[in-house]
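As a plain string of letters, each chain reads:
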Amino acid sequence: MSRFAIRFLPLILFAVGVSSATFAGPIPATNKKVYLLRGLTNVLSPGIDQLADELPKRNISATVANHLFWNSLATEAIQDCKSGRVSSIVLVGHSLGASAAVSMAEQLQQAGLHVALMVTFDPVVRTTVPDNVHLLRNFYFSNGVGTVVQRGEHFHGLLQNVDLKSNAELGHVSVTTSPSIQKQVMKDIMAANTRCR
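A quick note: this is a predicted structure, and the numbers were derived from the prediction, not measured.

Caption draft 1: Structural context of the environment of Gln50. Mapped onto the elements, Gln50 comes out in helix H2 (residues 46–54). On a C-alpha basis, the gap between Gln50 and Thr177 in space is 7.6 Å, while along the polypeptide they are 127 residues apart. Residues in contact with Gln50, not counting those within four places in the same chain, are Thr176, Thr177 and Gln182.

Caption draft 2: Representation of unusual backbone geometry within the structure. With phi around 60°, Asn59 is a residue other than glycine that occupies positive phi space. The backbone of Ser95 sits at a positive phi, close to 60°, despite the residue not being glycine. When its relative accessible area of 9% is taken as the criterion, Ser95 is described as buried.

Caption draft 3: Summary view of the packing of H2 against helix H5 (residues 179–191). Orientation of H2 relative to H5, taken along the N-to-C sense of each, is 45°, at an axis distance of 11 Å. Here H2 lies oblique to H5, going by the angle between them. Here H2 runs over H5; the crossing is right-handed. Between H2 and H5, the contacting residues are Gly47, Gln50, Leu51 and Glu54 on the first element and Gln182, Val185 and Met186 on the second. When its residues are assigned to classes, the contact of H2 with H5 shows three nonpolar, three polar and one charged.

Caption draft 4: Representation of the packing of aromatic side chains in the model. Applying the stated criterion across every chain, the model contains one aromatic pair. Ring centres of Phe121 and Phe139 lie 5.9 Å apart, and the angle between their planes is 20°; on these two criteria the pair is classed as stacked. With Phe121 in strand E5 (residues 117–121) and Phe139 in strand E7 (residues 135–140), the pair connects residues that are 18 residues apart, well separated along the chain. We classify Phe139 as buried; its relative accessible area is 5%.

Caption draft 5: Layout of the side chain of Asn132. Examined against the element boundaries, Asn132 turns out to sit in the loop between strand E6 (127–129) and E7. A residue is classified by how much of its surface remains accessible, and Asn132, at 7% relative accessible area, is buried. A distance of 2.9 Å separates a polar side-chain atom of Asn132 from the backbone oxygen of Leu113. The residues contacting Asn132, other than those within four sequence positions of it, are Ala105, Leu108, Gln109, Leu113, His114 and Val115.

What counts, and at which threshold
- Residues numbered from 1 in each chain as written.
- Predicted model: local features only at pLDDT ≥ 70, side-chain atom pairs only at ≥ 80, totals over all residues.
- Heavy atoms only, no water.
- Helix = DSSP H or I, 4+ residues; strand = E, 2+ residues; numbered from the N terminus.
- Contact = heavy atoms within 4.5 Å.
- Buried < 20%, exposed > 50% of the residue type's maximum accessible area, 1.4 Å probe, protein only.
- Axes fitted to C-alpha atoms, helices over the stretch in contact; angles between N-to-C directions.
- Parallel < 35°, antiparallel > 145°, perpendicular 65-115°, else oblique.
- Left-handed = near helix turned anticlockwise from the far one by under 90°.
- Nonpolar A, V, L, I, M, F, W, Y, C, P; charged D, E, K, R; others polar.
- Phe/Tyr/Trp six-rings, centres within 6.5 Å; stacked < 30°, edge-to-face > 60°.
- Polar contact = N/O pair within 3.5 Å; in protein donor to acceptor, adjacent residues only side chain to side chain.

This is the structure:
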């Protein structure tokens, strides 16, 4: 590795947002696990961090990470579900993190596992909801960078695309921090109990 790369490695890592943290709190009664995936840089998904702070207060285990780590998080989720450490899986993602959440669900589907809930905030890549998702709620702006999530051919769950274009107070970043949307997402997380196996 060049001296230039070594000198600027901390800055590069910060810009890419490779931090990941698990907020376990007390041992949850439901064994529900929420994976929260940030977008391009960690600082542009503030509502993801708000959810990560709130979930342990409700005895729900949560892991927050940059979208780049979806593959290792999917592997963790598969192991935790198959071992019985986790009984229900929830995926929440913003921007590129929304696309990463869909990729995680696809990997869980290949392992024969179910996702109780997926929440996407303004996904920037057109995606199709995998068949193993029980409920997907997508908050997006049709007049911005976001897009709808498409129904898969064999999808039998509930898909709700919520177009927020008429709300001039919200945008691609602030959609994650909207009090009314945060309240809805928390309500959905609390109700999500579909078993992963």
